[in-house]
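Architecture and fold: a report
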Amino acid sequence: MAGIKYEHVWKRFGEVTVLKDLNIEINDGEFLVLVGPSGCGKSTALRCLAGLEEITDGSIWIGERVVNDVPPKDRDIAMVFQSYALYPHMSVYDNMAFGLKLRKVPKQEIDKRVKEAAEMLSIGHLLDRKPKALSGGQRQRVALGRAIVRDPAVFLMDEPLSNLDAKLRVQTRAEISKLHQRLKTTFIYVTHDQTEALTMGTRIAVMRDGILQQLDTPQNLYDSPANMFVAGFIGSPAMNFFEAKLDRVNGGMAVVVGKDFVVPVPSNKLDKVGGQAGKDIYFGIRPEDVHDASYVARGVDDAARLTTMVNVTEPLGSEVYAYVENSGKEFIGRLDPRTTARTGHTVEIVLDMEKMHIFDRETEKALV
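Just so it is clear, the structure is predicted and the values come from calculations on it, not from any experiment.

Let's talk about helix 4 (residues 136–148)
Taking 1.5 Å of rise per residue, the 13 residues of helix 4 would be expected to cover 18 Å, and the 18 Å separating its terminal C-alpha atoms lies within 8% of that figure. Within helix 4, 11 of the 13 residues are buried, which leaves it mostly tucked inside the rest of the structure. Residues G137, Q138, Q140, R141, V142, A143, L144, G145, R146, A147 and I148 constitute the buried set of helix 4. Along its buried surface, helix 4 packs onto strand 6 (77–80), helix 2 (92–102), helix 3 (107–120), strand 7 (154–158) and helix 5 (166–183).

Here you go:
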């Protein structure tokens, strides 16, 4: 078992800089998720840790040693890729045992480890089959099993669920989380799917253009995003953003988006935004904090009311996604399923301003 540290790590491919001064410390036994859009550098960060790419500058630590010049086979890591990378001519048993045979592990020990891992992953009955006789989910579990039998200090997983269908993805996601709890080993998991990140990670590192944007627990990322990028990336559907202005109104302060889109700032937020009066800002509100005024959740102040036109509704059974418009600004709300919102009609909505987000117009950093 081992902790991991990226210390001022840079990675360049010619003129292109893929990782820019990356600093992350991962605790022993932690489940860290690297998340971000395609091209943000998350897979490159994983490959640098595995030794599959050389870093341009900085240091990578595994446990107490710098591994910059340590070959991949000596780093005590196991990697699971997006493609299963199974040998098609070998049985499941031989695929799982292959790495141990190369390391000349005794045959009895190989047999014990393979069968234990197979039972753990519910593939014990598949050991004699070839990969072509397996479903996608079964192949992915074989790839996981091959990593488990190695008993490494660190597991690296590069989008291992992206080839699975939606139902199997949810099921395998839970299996990987249970596996981490059982093995108590350091897991580093790369994904572009923020739902995977939120449900699996002990902590999440959000990346963009090779730069770490924020590293925190899932709940803190959701509640207190450091900037607009993190706020828009974490949460589904994405946060609603508006160009707005902070103005003093009736002795208090309000967010002004348009002539009929003026919402009061709660008194307990005034200390944080008082110095921003008269400034242009970005105002953010999550869809789950947009309520039908007739079905406002208990404890939500209904002072921030707006009359909106409903453009589209998407009933989902447990809730209704409503695309509504006010002052030419369209936004989405996750409304109570009892809502009377209908396409082409108006509906009064309430914004939960206790959950509002305000960002600097120039830097896009969070002010509230």
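Details of the layout of surface pockets
When its volume is computed, the largest pocket comes out at roughly 510 Å³. As for the largest pocket, its lining consists of 21 residues, and the residues nearest its centre are I77, A78, M79, R103 and R150. Going through the elements one at a time, strand 6, helix 2 and helix 4 are the ones with two or more residues in the lining of the largest pocket. Considered class by class, the residues forming the lining of the largest pocket number 16 nonpolar, one polar and four charged. Taken as a whole, the second largest pocket encloses approximately 220 Å³ of empty space. In this structure, the second largest pocket is lined by 13 residues; those nearest its centre are D223, E354, K355, M356 and H357. Among the residues forming the lining of the second largest pocket, the class breakdown is three nonpolar, two polar and eight charged.

A few points about the pairing of strand 16 (residues 305–315)
Relative to strand 19 (residues 346–351), strand 16 is paired through five bridges, and the arrangement is antiparallel. Residue pairing across strands places R305 opposite V350, the latter belonging to strand 19. For strand 16 and strand 17 (residues 320–326), the ladder comprises six bridges, and the chain directions are antiparallel. Counted as the bridge partner of V312 is Y323 from strand 17. Between strand 16 and strand 17, which follow one another and run antiparallel, lie four residues, and G317 among them has a positive phi close to 90°.

Quick notes on the environment of G63
Relative to the helices and strands, G63 is located in the loop between strand 4 (57–62) and strand 5 (65–66). Under the relative-accessibility criterion, G63 is labelled partly exposed at 30%. Sequence separation of G63 and L32 is 31 residues, and the distance between their C-alpha atoms is 16 Å. G63 has contacts with A2 and G3, leaving out every residue within four places of it along the chain.

Some thoughts on the sheet that holds strand 9 (residues 203–208)
Across the sheet, which stays open at both edges, the six strands sit in the order 6-7-8-3-9-10 with mixed pairing between neighbours. The open sheet is flanked by strand 6 and strand 10 (211–216), the only strands paired with a single partner. Put simply, the sheet's adjacent strands are angled 15° from each other on average, direction ignored. Pairing between strand 9 and strand 10: five bridges, direction antiparallel. Across the sheet, the residue bridging to V206 is Q214, located in strand 10. Those strands touched by helix 4 are strand 6 and strand 7, and its axis lies near 175° from that of strand 6.

Some details on the packing of aromatic side chains
Considering all chains together, one arrives at 10 aromatic pairs under this definition. With centroids separated by 5.9 Å and ring planes inclined at 65°, the aromatic side chains of F241 and F359 adopt a geometry described as edge-to-face. Placement of F241 in strand 11 (residues 240–249) and of F359 in strand 20 (residues 357–360) is noted, with a sequence separation of 118 residues between them. Classification of F359 as buried rests on a relative accessible area of 0%. Each residue in the set F31, F155, F187 and Y189 is aromatic and connected to the rest through ring pairs, giving one cluster. The positively charged end of K5 is found above the aromatic ring belonging to W61, 5.3 Å away from the centroid.

Observations concerning the pattern of salt bridges
All told, the structure shown has 16 salt bridges when counted by the stated rule. One salt bridge in this structure joins K5 and E7, with 3.6 Å as the shortest N-O distance. On the accessibility criterion, K5 (25% relative accessible area) is partly exposed.

Topic: helix 2
Think of an α-helix as 3.6 residues a turn; residues three or four steps apart then line up on the same face. Listed as buried for helix 2 are V92, Y93, N95, M96, A97, G99 and L100. Elements in contact with the buried residues of helix 2: helix 3 and helix 4.

Comments concerning the environment of I332
Relative to the assigned elements, I332 resides in strand 18 (residues 329–335). Separated by 94 residues in sequence, I332 and A238 have C-alpha atoms that sit 8.9 Å apart. If near-sequence neighbours (up to four positions away) are discounted, I332 is found in contact with P237, A238, N240, P287, V290, Y321, A322 and Y323.

Rules of the game
- Residues numbered from 1 in each chain as written.
- Predicted model: local features only at pLDDT ≥ 70, side-chain atom pairs only at ≥ 80, totals over all residues.
- Heavy atoms only, no water.
- Helix = DSSP H or I, 4+ residues; strand = E, 2+ residues; numbered from the N terminus.
- Expected span 1.5 Å × (residues − 1).
- Buried < 20%, exposed > 50% of the residue type's maximum accessible area, 1.4 Å probe, protein only.
- Contact = heavy atoms within 4.5 Å.
- 1 Å grid on protein atoms, 1.4 Å probe; cavity = no way out; pocket = protein on both sides within 12 Å on 5 of 7 lines; lining within 4 Å.
- Points joined across faces, edges and corners; volume = space filled by probe spheres on them.
- Nonpolar A, V, L, I, M, F, W, Y, C, P; charged D, E, K, R; others polar.
- Pairing = 2+ DSSP bridges.
- Axes fitted to C-alpha atoms, helices over the stretch in contact; angles between N-to-C directions.
- Phe/Tyr/Trp six-rings, centres within 6.5 Å; stacked < 30°, edge-to-face > 60°.
- Lys NZ or Arg CZ within 6 Å of the ring centre and 35° of its normal.
- Salt bridge = Lys/Arg side-chain N within 4 Å of Asp/Glu carboxyl O.

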